[in-house]
Amino acid sequence: MPIKNKILSILIISLLLFTGCKNDDYIEEQSENSGLVQKSGGSSYTLCGKSILKFNTLDQVQNTHRNLYNNYYTAGEDLDVLIAYEMSKGLYSLRKKEEDMDEGIIPDDPDFDTFDYTFDTIFESMLNQDGMIIIEDYLYLWSDGCVVVRVKPANCKNYEELLSLHELVKRGQLKDSELSYYVNNVGVEMINICDDPRYDFESISETGVDVDNSHDYSGDDREMGCGYESVISYEILEHNGDDKIIKLKINAYSISPIGIDPTYFTYLDNSDTFTSVTIKENSLGLGEMLWPENFGYVGEWFVVEIDYSTMDTTPIANFRLYGFVSLLTPNGCDDTDTLDVNLECPIGISKKPVDADSGLWEFSVEGIDHLTESYSIEWTFAGDGIATTLIVYDASGANNIFPTPCESRSFGVSAFISSSESICKNQLSTSINSGGYCSRSNISEASPKGVKHGGKRVRCKIKVKRRADIFGGETICKNKIKNRKKAIKSINSSGGLLQISGLDCIPVDITTIMPPISQDSETKKKLVQKENAGFARVDLTNPYSVNFTISTGYTHTLSYYYPCSE
């Protein structure tokens, strides 16, 4: 197409997109001291001098993505559709920034990679050059992993805070104390976009499923398949029932990928209901401090003293452990566990994972040290259709090996205390998850950054992603190669994938799901392969591999070289 006609066609598409989306994207201007400036036309914004999209609701983001998705694929994956949208919004997008580096218009940054932010071709044209977007009152920094971060209000100060947070992550210099600053002082929040279908814009567009945006999916219990789980536990150090003061040690544990240290934040969600809450000791070696409202303690353990003497209702302490690994990376993953302790009757089960691979867990009963007569504890552990019962005669603990099915599942644990003495509670219960720690249904791998072929960037990435149940719950396998040099690109997979059958995993040939593909034209800048693998997982002990080739001499093979969890 002649350059003059091509530019004209982009302008026409731009005008149509702008006209069609104007009502969806119109946002009221914010206060003048926020740093957010509304351009003429009503739908374009700059923040800290950088263009950015702003949406009033998640519905608007979903609808815009759906419109772009339909237009792009109806036009045969015509990049002009995305270029026209960016022009209509005055947006300098992730896609455009990468293109300008490739064309030498701006200096090349070998560490910049759109794959770090999103694997979604459409969303590359909705995120700005720094991977940010404004939704409702929040400024979001996106990531292609399961965890993105957000903060409000969307002002210039918070924009700079998110940039500095991301820079620390990229340099591997993010310490717990710095992360505590971002969470407790700046107000940064983590959002799990693998668990929450409202943020899976690609699946919404592909399936046509409407998501209930009024529902908070963050509390839904779902096995994500990215190899990380949080476990919160407690010990009773002192308890004065007359003065109504209790001292607890709160421990954070996890099942996480070998060699990757997790980060923990523990919250006392109802701290403001007690007379006082004081952190007496902690794993970071910080001094004694009162528990601030909405505070999250970052670290593996702390000792807390709770005074509930002025409460006229049942004093229940609601602890919440939020843990994560690899924040703001394509393999970022998080999990939440909760612990409710009745301070008047703090008897309960404490649990600890010992060896995730074998399914070994350790349990004990807290709150019965005051018993002076002999007693017994009857432990019952749920299994693969068969419950195991163990009777012990002290509170020191009991171990059990649970089944390790292909996909992690929940198993119940109960304890019945038999004693001649009166106790406030003798029937206890909890649950644990076991299985799936050497397989994944959410994982990705990419080729090295900074590599060029034919003078242009070349990037390859493979990814498996388990969709939310509302979209069917299946695993999607996706391969992509990008290079702006005219040539034929090809993708060829080999090896096996695990498909879930009950509690077992059955190996299948990956080529039955993802056969070899090649482009039919030298002009397309990317080749994407995406297939529904059903209910499947990647076997980390024997992962499949994907070979990418370009007809002008480039070849690269990727596989999932990622550790199991323990």
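Residues numbered from 1 in each chain as written. Predicted model: local features only at pLDDT ≥ 70, side-chain atom pairs only at ≥ 80, totals over all residues. Heavy atoms only, no water.

Some thoughts on the pairing of strand β11 (residues 263-268)
Argument step 1. Counting buried residues along β11, 6 of its 6 residues qualify, which places the element largely inside the surrounding structure.
Argument step 2. Of the two faces of β11, the one carrying Thr 263, Phe 265 and Tyr 267 and the one carrying Tyr 264, Thr 266 and Leu 268 are both buried.
Argument step 3. Here 6 bridges tie β11 to strand β16 (residues 316-325), and the two strands are oriented antiparallel to one another. What sits directly across from Thr 266, in β16, is Leu 321.
Argument step 4. Inspection of the sheet shows β11 paired to strand β14 (residues 296-298) by 3 bridges, in the antiparallel sense. Of the residues in β14, the one forming a bridge with Tyr 267 is Gly 296. (Buried < 20%, exposed > 50% of the residue type's maximum accessible area, 1.4 Å probe, protein only. Helix = DSSP H or I, 4+ residues; strand = E, 2+ residues; numbered from the N terminus. Pairing = 2+ DSSP bridges.)

Comments concerning the sheet that holds strand β1 (residues 36-38)
Argument step 1. The strand order β1-β2-β3 describes an open sheet built from 3 strands, whose pairing is antiparallel. On the outer flanks of this sheet lie β1 and β3 (50-52), each paired with one strand and no other. Averaged over all adjacent pairs, the angle separating strand axes in this sheet is 35°, with direction ignored.
Argument step 2. In terms of strand pairing, β1 meets strand β2 (residues 45-47) through 3 bridges, oriented antiparallel. Bridging from a neighbouring strand, Gln 38 pairs with Tyr 45 of β2. (Axes fitted to C-alpha atoms, helices over the stretch in contact; angles between N-to-C directions.)

So, helix α2 (residues 58-74)
Argument step 1. Over its 17 residues, α2 extends 24 Å from the first C-alpha to the last, a length consistent with the 24 Å expected when each residue adds 1.5 Å.
Argument step 2. Three or more residues of α2 are buried, namely Leu 58, Gln 60, Val 61, Gln 62, Thr 64, His 65, Arg 66, Leu 68, Tyr 69 and Tyr 72.
Argument step 3. At the C-terminal side of α2, Gly 76 shows a positive phi close to 75°. (Expected span 1.5 Å × (residues − 1).)

What about the nonpolar core?
Among soluble globular proteins, nonpolar side chains are generally buried collectively.
Argument step 1. Judged by nonpolar contacts, the single largest core of 63 residues is most densely connected at Leu 139 and Trp 142.
Argument step 2. By size, the runner-up hydrophobic cluster in this structure holds 30 residues, among which are Tyr 264, Phe 274, Phe 295 and Leu 343. (Core = buried A, V, L, I, M, F, W, Y, C linked by side-chain atoms within 4.5 Å.)

Details of the sheet that holds strand β23 (residues 409-419)
Argument step 1. Overall, antiparallel pairing links the 4 strands, which are arranged β21-β20-β23-β24 in an open sheet. Unpaired on one side and paired on the other, β21 (388-392) and β24 (427-434) mark the two borders of the sheet. For this sheet, the mean angle separating the axes of adjacent strands, direction not counted, is 20°.
Argument step 2. Where strand β20 (residues 375-381) lies against β21, 5 bridges are found, and the strand directions are antiparallel.

Structural notes on the side chain of Gln 529
Argument step 1. As for its placement among the helices and strands, Gln 529 is situated in strand β34 (residues 526-532).
Argument step 2. Of the polar contacts made by the side chain of Gln 529, one reaches the backbone oxygen of Pro 515; its length is 2.7 Å.
Argument step 3. With sequence-adjacent residues up to four places away left out, Gln 529 is seen in contact with Cys 477, Lys 478, Asn 479, Ile 491, Ser 493, Met 514, Pro 515 and Ile 517. (Polar contact = N/O pair within 3.5 Å; in protein donor to acceptor, adjacent residues only side chain to side chain. Contact = heavy atoms within 4.5 Å.)

So, the environment of Lys 89
Argument step 1. Here Lys 89 shows up in helix α3 (residues 79-89).
Argument step 2. Along the backbone, Lys 89 and Tyr 45 are 44 residues apart, and their C-alpha atoms lie at a distance of 8.2 Å.

Notes on the pattern of salt bridges
When charged atoms on two side chains of opposite charge get close, those side chains can pair.
Argument step 1. Evaluation of the coordinates by the stated rule reveals 34 salt bridges.
Argument step 2. For the salt bridge of Glu 103 with Lys 456, the shortest nitrogen-to-oxygen distance reads 3.2 Å. Residue Glu 103 is located in the loop between α4 (94-102) and α5 (121-124), and its partner Lys 456 is located in strand β28 (residues 456-466); the two are separated by 353 residues in the primary sequence.
Argument step 3. Take Glu 103: its relative accessible area is 43%, and that puts it in the partly exposed class.
Argument step 4. Here Arg 320 makes a salt bridge to Asp 269, at a shortest N to O gap of 2.9 Å. With Arg 320 in strand β16 and Asp 269 in the loop between β11 and β12 (276-282), the pair connects residues that are 51 residues apart, well separated along the chain.
Argument step 5. Taking relative accessible area as the criterion, Asp 269 reaches 45% and is therefore assigned partly exposed.
Argument step 6. One continuous salt-bridge network, built from bridges that share partners, spans Glu 86, Arg 95, Lys 96, Glu 99 and Asp 100. (Salt bridge = Lys/Arg side-chain N within 4 Å of Asp/Glu carboxyl O.)

Notes on the packing of α2 against α3
Argument step 1. Between α2 and α3, whose axes approach to 8 Å, the crossing angle comes to 145°. For the pair α2 and α3, the sense of crossing is right-handed. Within the contact between the two elements, α2 uses Thr 64, Leu 68, Asn 71 and Tyr 72 and α3 uses Leu 79, Val 81, Leu 82 and Tyr 85.
Argument step 2. Per-class residue counts for the contact of α2 with α3 are 6 nonpolar, 2 polar and no charged. (Left-handed = near helix turned anticlockwise from the far one by under 90°. Nonpolar A, V, L, I, M, F, W, Y, C, P; charged D, E, K, R; others polar.)

A short note on the state of the cysteines
Argument step 1. Inspection of every chain in the model, using the stated rule, returns 6 disulfides.
Argument step 2. Residue Cys 48 pairs covalently with Cys 156 via a disulfide, S to S 2.0 Å. Measuring handedness by torsion sign, the sulfur bridge of Cys 48 and Cys 156 sits at about 130° and is right-handed. Here the residue Cys 48 occupies a position in the loop between β2 and β3, and Cys 156 occupies one in helix α6 (residues 156-171), the gap between them amounting to 108 residues.
Argument step 3. Across the disulfide from Cys 226 sits Cys 333; the S-S distance is 1.8 Å. (Disulfide = S-S within 2.5 Å.)

Describing the confidence of the model for the protein chain
Argument step 1. For the protein chain, the mean per-residue pLDDT works out to 90, and 92% of the residues sit at or above 70.
Argument step 2. A low-confidence stretch, residues 1-33 stays under pLDDT 50, and its non-local contacts, those more than four residues away or across chains, total 54 contacts. (pLDDT = per-residue confidence, 0-100.)

Things to note about the packing of aromatic side chains
Argument step 1. Within the structure shown, the criterion is met by 26 aromatic pairs.
Argument step 2. Here the aromatic rings of Phe 123 and Phe 201 are separated by 5.2 Å at their centres, their planes lie at 45°, and the arrangement is tilted. On the criterion of sequence distance, the pair formed by Phe 123 in helix α5 and Phe 201 in helix α8 (residues 201-207) is long-range, its members being 78 residues apart.
Argument step 3. Under the relative-accessibility criterion, Phe 123 is labelled buried at 2%.
Argument step 4. Through successive ring pairs, a cluster of aromatic residues spans Phe 123, Tyr 138, Tyr 140, Trp 142, Tyr 199 and Phe 201.
Argument step 5. Over the aromatic face of Phe 119 sits the side chain of Lys 461, whose NZ or CZ is 5.2 Å from the ring centroid.
Argument step 6. Directly above the aromatic system of Phe 115 lies the positively charged group of Lys 482, at a separation of 4.6 Å from the ring centroid. (Phe/Tyr/Trp six-rings, centres within 6.5 Å; stacked < 30°, edge-to-face > 60°. Lys NZ or Arg CZ within 6 Å of the ring centre and 35° of its normal.)

Considerations on the packing of α6 against helix α7 (residues 176-186)
Argument step 1. One can describe the packing of α6 onto α7 by two numbers: an axis separation of 11 Å at closest approach and a directional angle of 160°. Here α6 lies roughly antiparallel to α7, going by the angle between them. Remark: the crossing between α6 and α7 carries left-handed chirality. Each of Asn 158, Glu 161, Ser 164, Leu 165 and Leu 168 in α6 lies in contact with α7, whose residues at this interface are Glu 178, Leu 179, Tyr 181, Tyr 182 and Val 186.
Argument step 2. Tallied by class, the residues present in the contact of α6 with α7 amount to 6 nonpolar, 2 polar and 2 charged. (Parallel < 35°, antiparallel > 145°, perpendicular 65-115°, else oblique.)

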